[in-house]
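# Coordinate inspection notes
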Amino acid sequence: MATVELTTANFDEVTGKDGIVLVDFWADWCGPCKRFAPIYERSSEKHQGIVFGKVDTEAQQELGAKFDIRSIPTIMAIRDGVIVFAQPGALPESALENLIEQVEALDMDDVRKQLAEHKH
C-alpha cells in the first residue's frame, strides 16, 4: 500500500478507525525527512494491514499545530483511534519495524484503562 496524504480534511477520518495508522510529519525542505521517506515507503509495502500516512507540515500547518509538532520528521503511531506513540527524529529501518511490532502487540483494553485512570 502506498502512503496516504493526510490533510485537515481527512486526518480524523483516517486515524479514527480501528487498526494501526502510522503518521510521518515531514516537510520538503527537511533533509532527514527526505532520507527517512524511502524507509517509510518500504515499510508501507511490507505491512499491508497498516495505514501509512504523511502530513506535509508546510501545507498542513493546522495539523502540525494541533499535535504540537516542533521537530520533523516526527513519527506518530495511532491504534484504534488512540495515539500510542509520538517521537521526533528519523528512525532507522530496524527501529521502525520494532515500533510496528510493539504497536501490534499492545493490549488496547489495557491502554484505554490506563488512559481513563490518567484522566481522573
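Residues numbered from 1 in each chain as written. Predicted model: local features only at pLDDT ≥ 70, side-chain atom pairs only at ≥ 80, totals over all residues. Heavy atoms only, no water.

## Considering the overall build of the protein
A tally of helices and strands in the protein yields five helices and five strands. Order of helices (α) and strands (β) in the protein, N terminus to C terminus: β-α-β-α-β-α-β-β-α-α. A compact globule built from 120 residues would reach a C-alpha radius of gyration of about 14 Å, and the protein, at 14 Å, matches this within 12%. Principal-axis analysis of the C-alpha atoms places the extent of the protein at approximately 40 × 30 × 20 Å. Counting across all 120 residues of the protein, residues that qualify as buried make up 40%. Relative to all contacts within the protein whose residues are 6 or more apart in sequence, the contacts with residues 24 or more apart total 74%. Carbon and sulfur atoms make up 51% of the accessible area of the protein, which totals about 6,800 Å². (Helix = DSSP H or I, 4+ residues; strand = E, 2+ residues; numbered from the N terminus. Rg over C-alpha atoms; globule rule 2.2 N^0.38 Å. Buried < 20%, exposed > 50% of the residue type's maximum accessible area, 1.4 Å probe, protein only. Contact = heavy atoms within 4.5 Å. Areas by Shrake-Rupley, 256 points an atom, 1.4 Å probe, with all protein chains shown as cover.)

## Overview of the state of the cysteines
In total, this model carries one disulfide according to the counting rule given. Sulfur-sulfur distance for the disulfide between Cys30 and Cys33 comes to 2.3 Å. Taking the sign of the torsion about the S-S bond as the criterion, the disulfide between Cys30 and Cys33, at about 80°, is right-handed. Cys33 matches Cys30 in its accessibility class, with the two residues each being buried. (Disulfide = S-S within 2.5 Å.)

## Observations regarding the packing of aromatic side chains
With the rule as written, the count across this model stands at four aromatic pairs. Measuring from centroid to centroid gives 5.1 Å for Phe11 and Phe67, while their planes differ by 45°, and the two rings are tilted. Linking Phe11 in helix H1 (residues 11-15) with Phe67 in the loop between helix H3 (61-66) and strand E4 (74-79), this pair joins segments that are 56 residues apart in sequence. Accessibility expressed as a relative area gives 2% for Phe11, which makes it buried. Ring centres 5.2 Å apart and planes at 75° place the aromatic pair Tyr40 and Phe52 in the edge-to-face group. A residue pair is termed long-range when its members are at least 10 positions apart, and Tyr40 in helix H2 (residues 31-46) and Phe52 in strand E3 (residues 51-56) qualify at 12 residues. The same class applies to Tyr40 and to Phe52, which are both buried. Ring pairs connect the aromatic residues Phe11, Phe25 and Phe67, which therefore count as one cluster. (Phe/Tyr/Trp six-rings, centres within 6.5 Å; stacked < 30°, edge-to-face > 60°.)

## Focus on the pattern of salt bridges
Under the criterion given, the structure shown has nine salt bridges. The partner of Arg112 in a salt bridge is Asp80, with the nearest N and O atoms 3.6 Å apart. One end of the pair, Arg112, is in helix H5 (residues 108-119); the other, Asp80, is in the loop between E4 and strand E5 (82-88), and 32 residues separate them in sequence. For Arg112, a relative accessible area of 35% corresponds to the partly exposed category. Across the salt bridge formed by Arg112 and Asp109, the nearest N and O atoms sit 3.7 Å from each other. (Salt bridge = Lys/Arg side-chain N within 4 Å of Asp/Glu carboxyl O.)

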